[in-house]
Amino acid sequence: VAQSELNERHIGAIKAGAALVFAGAAGFPEADRLIEQGEEMLLEAISKQFYADGGHQSRNPEALAEAFFDLMAADAFLRERDAFDLNEALPKLGNMLRMLRMGDGGLACFHGASEGSAASLDSALAQAPGERRSFQFATQSAFQRLEAQELCVVFDVGGAPPLGYSERAHASALAFELSSETERLIVNIGAGRELSPAARQAARATNAHSTLVLGDTLSAVLEDRRGKGAARLVGPVLDDVRRSSDDSGVTVQGRHDGYKAQFGLLHRRYLFIDHDGKNLRGIDELIRPTRLKGVLVKSDIPYLERFHLHPSVRARLVEHQMALLETPGGQRWRLRTDAPNIAIEPSIYWGGIAPRESLQIVLSGAADPMGHGLAPPNRIRWALARA
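Right, let's walk through the structure included here. Just so it is clear, the structure is predicted and the values come from calculations on it, not from any experiment.

As a further point, take the packing of helix α2 (residues 31-49) against helix α3 (residues 61-80). Here α2 crosses α3 at 135°, and the two axes come no closer than 12 Å. By the criterion of interaxial angle, the relationship of α2 to α3 is oblique. Crossing of α2 against α3: the hand is left-handed. Packed against α2, whose contacting residues are I35, E39, L42 and I46, the element α3 presents L71, A74, F77 and L78 at the interface.

The structure is reproduced here in structure tokens:
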């Protein structure tokens, strides 16, 4: 099923190429010509739409999955005919899909994606050609995976996709999703297929993601196209992305400038996961660049740090600056913070088959516009530990 303008123009080209191949296989008139045209369309789409690491240029995991399913189906027929095959492209796409799966087998919900079907992914990936490679960071697609035992984090360390692919992209810089065993804990709101235009627009906002929001603004620009289609996402610039590992665990950091123009501050986030898979710790820093001249804002700037919870997760405050999370499978996690305020508020989840009410943990405070990020109020620490 075509999904929005993005699919009509990009993923739709792959669907059309595959359809021509299938029409030829079914014995339609001029079958050889149909197959040849389908081959050409698929090769052109592959050369244009995918990064070298196997990710789709939309940065949408579900768009990647749709393309993979269609390419796998076309490839099976073409190999039977001893025509060209897609063995160079398909292993990269398959390995990238594996990287973007959560503990329940579904996809991380970034840039317009929903969870998709874990069973369909299992079936397609089981038949994927080439060597199965596990990797933890995708340089071009700009995702990092932190994984230990049964704990899994997918971390968005990228900005907007190229303009032609950004009509469904989200302002989700430095957002993450978290699963433990086969249960999702922390999510983004996601974007299912049947969302209204207003809901889809709301899902693109930074506050629909598990990241920090400064001054109730977006971390990117939604460029109004004046009736020429959905707004394109522009920015922010992500830099200082680093990954390190030691005896205690793995740390990934990234920084973006999405709040610099309005507030004069950069947002840097550190995520740490221990090797036992029982602890996830984070630090968020709001940093005034040393070379920035003038004062853009004179008063303190409010921030909200959101942790959207999967609908199956219950949460309650148990003491000052601590919340308890409980899952249907009996997992209990404590989230502690040094932020001035912590609250539990309603949320919604659009990443599944149908919309579901959910909760979010919200940390709040106010940042100093001249702050350096090395101490409060411009440094916010939090830790999620398995009880």
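Anyway, onward from the coordinates.
A cluster of nonpolar residues, L163, V221 and V234, forms a patch on the protein surface that exposes about 230 Å² of accessible area. By secondary structure assignment, the location of V234 is in strand β8 (residues 232-234).

The 8 strands are arranged β9-β10-β11-β12-β19-β16-β15-β14 in an open sheet whose pairing can be described as antiparallel. Edge positions in the sheet fall to β9 (238-245) and β14 (314-319), since each has one partner strand and no second. Neighbour-to-neighbour, the strand axes of the sheet open up by a mean angle of 15°, direction not taken into account.

Once that is clear, we can look at the packing of aromatic side chains. For the coordinates displayed, the defined rule picks out 4 aromatic pairs. Geometrically, the ring pair formed by F110 and F143 is tilted, given 5.3 Å between the ring centres and 55° between the ring planes. Remark: F143 occurs in strand β2 (residues 143-148) and F110 occurs in the loop between α4 (90-99) and α5 (118-126); sequence separation between them is 33 residues. Aromatic pair F176 and W382: ring centres 5.7 Å apart, planes at 5°, arrangement stacked. Placement of the pair is F176 in strand β4 (residues 176-180) and W382 in strand β19 (residues 379-386), with a sequence separation of 206 residues.

One pass over the structure, following the stated rule, counts 0 disulfides. In this structure C109 is a free cysteine whose sulfur lies 13 Å from that of C152, the closest cysteine sulfur available. What makes C152 buried here is its relative accessible area of 3%.

Along the chain, R268 turns up in strand β11 (residues 266-274). A distance of 3.3 Å separates a polar atom in the side chain of R268 from a polar atom in the side chain of D240. In contact with R268, not counting residues within four places along its chain, are L174, D240, Q253, G254, R255, I283, D284, E285 and I287.

The next subject is the pattern of salt bridges. One pass over the full model with this rule turns up 21 salt bridges. Two residues, R145 and E147, come together in a salt bridge whose shortest N-O distance is 3.0 Å. A residue is classified by how much of its surface remains accessible, and R145, at 7% relative accessible area, is buried. For E147, a relative accessible area of 41% puts it in the partly exposed group. Among the ionic pairs, R379 bridges to D338, the shortest N-O distance being 3.9 Å. In this pair, R379 sits in strand β19 while D338 sits in the loop between β16 (332-337) and β17 (341-349), placing the two residues 41 residues apart along the sequence. Salt bridges sharing partners connect three or more residues here, namely D104, E115, E177 and R184.

Looking now at the nonpolar core. One finds F176, L178, L214, L325 and I361 to be the most contacted residues of the largest nonpolar core, which totals 44 residues. Here the element with the most residues in this core is strand β13 (residues 301-309); it accounts for 4 residues. Other than its neighbours up to four places away in sequence, L214 contacts Y259, F263, L265, L286, I301, P302, Y303 and A367. Judged by nonpolar contacts, the second largest core, of 41 residues, contains I11, A65, M102 and L121.

This part covers unusual backbone geometry. Residues G235 and P236 are joined by a peptide bond in cis, for which omega reads -10°. Mapped onto the fold, P236 is located in the loop between β8 and β9. With an omega of 5°, the peptide bond running from P376 to P377 counts as cis. On the secondary structure map, P377 appears in the loop between β18 (356-367) and β19. The backbone of R59 sits at a positive phi, close to 65°, despite the residue not being glycine. In this structure, R59 sits in the loop between α2 and α3. Assessed through its relative accessible area of 4%, R59 is described here as buried.

What counts and how
- Residues numbered from 1 in each chain as written.
- Predicted model: local features only at pLDDT ≥ 70, side-chain atom pairs only at ≥ 80, totals over all residues.
- Heavy atoms only, no water.
- Axes fitted to C-alpha atoms, helices over the stretch in contact; angles between N-to-C directions.
- Helix = DSSP H or I, 4+ residues; strand = E, 2+ residues; numbered from the N terminus.
- Parallel < 35°, antiparallel > 145°, perpendicular 65-115°, else oblique.
- Left-handed = near helix turned anticlockwise from the far one by under 90°.
- Contact = heavy atoms within 4.5 Å.
- Patch = residues over 30% accessible without salt bridge, like charges linked within 9 Å, V, L, I, M, F, W, Y side chains within 5 Å.
- Areas by Shrake-Rupley, 256 points an atom, 1.4 Å probe, with all protein chains shown as cover.
- Salt bridge = Lys/Arg side-chain N within 4 Å of Asp/Glu carboxyl O.
- Pairing = 2+ DSSP bridges.
- Phe/Tyr/Trp six-rings, centres within 6.5 Å; stacked < 30°, edge-to-face > 60°.
- Disulfide = S-S within 2.5 Å.
- Buried < 20%, exposed > 50% of the residue type's maximum accessible area, 1.4 Å probe, protein only.
- Polar contact = N/O pair within 3.5 Å; in protein donor to acceptor, adjacent residues only side chain to side chain.
- Core = buried A, V, L, I, M, F, W, Y, C linked by side-chain atoms within 4.5 Å.

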